[in-house]
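Letter by letter, the chains look like this.
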Amino acid sequence: LSKFYVVAKDNVRFLTTLERHFKIISNGPLSQIQESMGSMMNALRMVWIISRNYNDVQMGFLMKLIADEIGDRVAKKINVTTILREPAAVAMAKIKEAQDVLTSWYTEYNKTKEAIFESGRDNRWEFSKQMLFDRTDYMAKRCEDLFEVAQVQDHFRNILGSKLKVVTGDAQGIDAVIRRVDSLVLPIENILFDVFDKRYSANWLSVMAKFHESVELIEEDTKAFIDYSFDQLRSAEGAFDLLQKFKNIRSRESINHQMQQKFTNVLDRYSMEVQEVKTL
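Calculation criteria
- Residues numbered from 1 in each chain as written.
- Predicted model: local features only at pLDDT ≥ 70, side-chain atom pairs only at ≥ 80, totals over all residues.
- Heavy atoms only, no water.
- Phe/Tyr/Trp six-rings, centres within 6.5 Å; stacked < 30°, edge-to-face > 60°.
- Helix = DSSP H or I, 4+ residues; strand = E, 2+ residues; numbered from the N terminus.
- Buried < 20%, exposed > 50% of the residue type's maximum accessible area, 1.4 Å probe, protein only.
- Lys NZ or Arg CZ within 6 Å of the ring centre and 35° of its normal.
- Contact = heavy atoms within 4.5 Å.
- Axes fitted to C-alpha atoms, helices over the stretch in contact; angles between N-to-C directions.
- Parallel < 35°, antiparallel > 145°, perpendicular 65-115°, else oblique.
- Salt bridge = Lys/Arg side-chain N within 4 Å of Asp/Glu carboxyl O.
- Left-handed = near helix turned anticlockwise from the far one by under 90°.
- Nonpolar A, V, L, I, M, F, W, Y, C, P; charged D, E, K, R; others polar.

A. Spatial organisation of the packing of aromatic side chains. One pass over the structure, following the stated rule, counts 4 aromatic pairs. Ring geometry for Tyr-106 versus Phe-133: centroids 5.0 Å apart, planes at 85°, classification edge-to-face. Residue Tyr-106 is located in helix α7 (residues 88-119), and its partner Phe-133 is located in helix α8 (residues 129-159); the two are separated by 27 residues in the primary sequence. Tyr-106 gets classed as partly exposed once you look at its relative accessible area, which sits at 29%. Taking the centre distance of 4.9 Å and the plane angle of 65° together, the rings of Tyr-109 and Phe-133 count as edge-to-face. Here Tyr-109, found in helix α7, pairs with Phe-133, found in helix α8; they are 24 residues apart in sequence, far enough to count as distant. Here the aromatic residues Trp-105, Tyr-106, Tyr-109 and Phe-133 are joined through ring pairs into a cluster of three or more. Between the NZ or CZ atom of Arg-142 and the centre of the ring of Tyr-138, over which it lies, the distance is 4.7 Å.

Structure representation (structure tokens):
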């Protein structure tokens with residue numbers, strides 16, 4: 001915690017008000033950091049108002065230290081080279097938690113600023129937004145991208161499951177598409193730069209552009225595979241059950257839409273089965 005106190009040697013008695021929050025930011029889980037963000041801003045405001053020696057420069061420097069520590073904690077928690085190999089639900093939960101911490105830092109700052117402005121009693125709560133939020137805002141956007149990657153993988157795996165293999169009878173074809181889905185994260189896992197460093201923004205945008213291109217190709221191939229598979233239906237009952245289940249399964253919007261159009265194929269297959277029974 002010493003780095004937080006370096007900023008104001010003569011104001012330690014005021015900073016003891018913030019010590020609990022400093023400990024949470026330095027050692028607490030991300031969820032606890034987010035939960036304490038509002039109360040920490042109120043404590044910062046109190047110190048800023050009460051302390052005669054704690055001027056805007058010192059407060060700005062202290063808040064910059066806090067912003068840097070929040071960014072460091074998120075960067076340590078979200079290991080880009082490994083997190084996308086975790087179960088999708090786990091990865092998305094971790095990434096969303098990190099993004100919420102980063103955005104709440106900005107949100108709670110603005111709430112405090114608005115409260116001070118409306119009170120009309122205190123000085124303006126105005127610090128360099130670039131200094132305080134440039135890094136955390138950029139990291140929040142990258143978390144949003146990582147969440148999208150994990151979500152896309154989850155959506156594809158939901159559609160390309162064991163039930164679809166049973167209905168279509170083409171397990172090898174489905175496994176081939178799944179391998180392509182798994183390979184989507186390889187360019188991200190093998191990057192040689194810091195995803196959360198704004199200096200490499202152009203590099204990251206290039207990686208995401210290629211990711212979106214690959215997703216579109218896999219999506220089109222998956223739709224073509226589904227079209228072919230439903231034209232070769234083995235069982236109307238199994239296919240109908242699958243379509244019913246897909247009503248509540250999260251997948252790619254275009255694929256879900258296509259699946260719902262396959263009821264016609266199921267009815268055609270059912271008519272064939274009825275005719276076969278009549279013949280027998």
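B. Structural context of the environment of Phe-211. The residue Phe-211 is located in helix α12 (residues 201-231) in this model. Residue class for Phe-211 comes out buried when judged on its relative accessible area of 4%. Phe-211 has contacts with Glu-148, Val-149, Val-152 and Leu-184, leaving out every residue within four places of it along the chain.

C. Seen up close, the environment of Pro-187. Along the chain, Pro-187 turns up in helix α11 (residues 186-189). Its relative accessible area of 46% is what places Pro-187 among the partly exposed residues. Considered as a pair, Pro-187 and Val-207 are 20 residues apart in the sequence and their alpha carbons are 7.1 Å apart.

D. Main features of the packing of helix α3 (residues 19-27) against helix α5 (residues 56-77). Where α3 meets α5, the closest approach of the two axes is 9 Å, and the angle between their N-to-C directions is 30°. Taken together, the axes of α3 and α5 lie roughly parallel to each other. Contacts between α3 and α5 involve Phe-22, Ile-24, Ile-25, Ser-26 and Asn-27 on the former and, on the latter, Leu-62, Ile-66, Glu-69, Ile-70 and Arg-73.

E. Spotlight on the pattern of salt bridges. Summed over the entire model, instances satisfying the criterion amount to 14 salt bridges. For the salt bridge of Arg-199 with Asp-197, the shortest nitrogen-to-oxygen distance reads 2.6 Å. Using a relative accessible area of 16% as the deciding quantity, one classes Asp-197 as buried.

F. Summary view of the packing of α5 against α8. Axis separation between α5 and α8 bottoms out at 8 Å; the angle between their running directions is 20°. Here α8 runs roughly parallel to α5, going by the angle between their axes. The interaxial crossing formed by α5 with α8 has left-handed handedness. Judged by residue contacts, Gly-60, Met-63, Lys-64, Ala-67, Asp-68, Gly-71, Asp-72, Val-74 and Ala-75 of α5 engage Met-131, Leu-132, Arg-135, Thr-136, Met-139 and Cys-143 from α8. The residue makeup of the contact of α5 with α8, split by class, is 8 nonpolar, 3 polar and 4 charged.

G. Fine view of the side chain of His-21. Tracing the backbone shows His-21 in helix α3. Under the relative-accessibility criterion, His-21 is labelled buried at 3%. Not counting residues within four places of it along the chain, the set of residues in contact with His-21 comprises Ser-36, Ser-39, Met-40 and Ala-43.

None of the figures reported here should be taken as evidence of function without further support.
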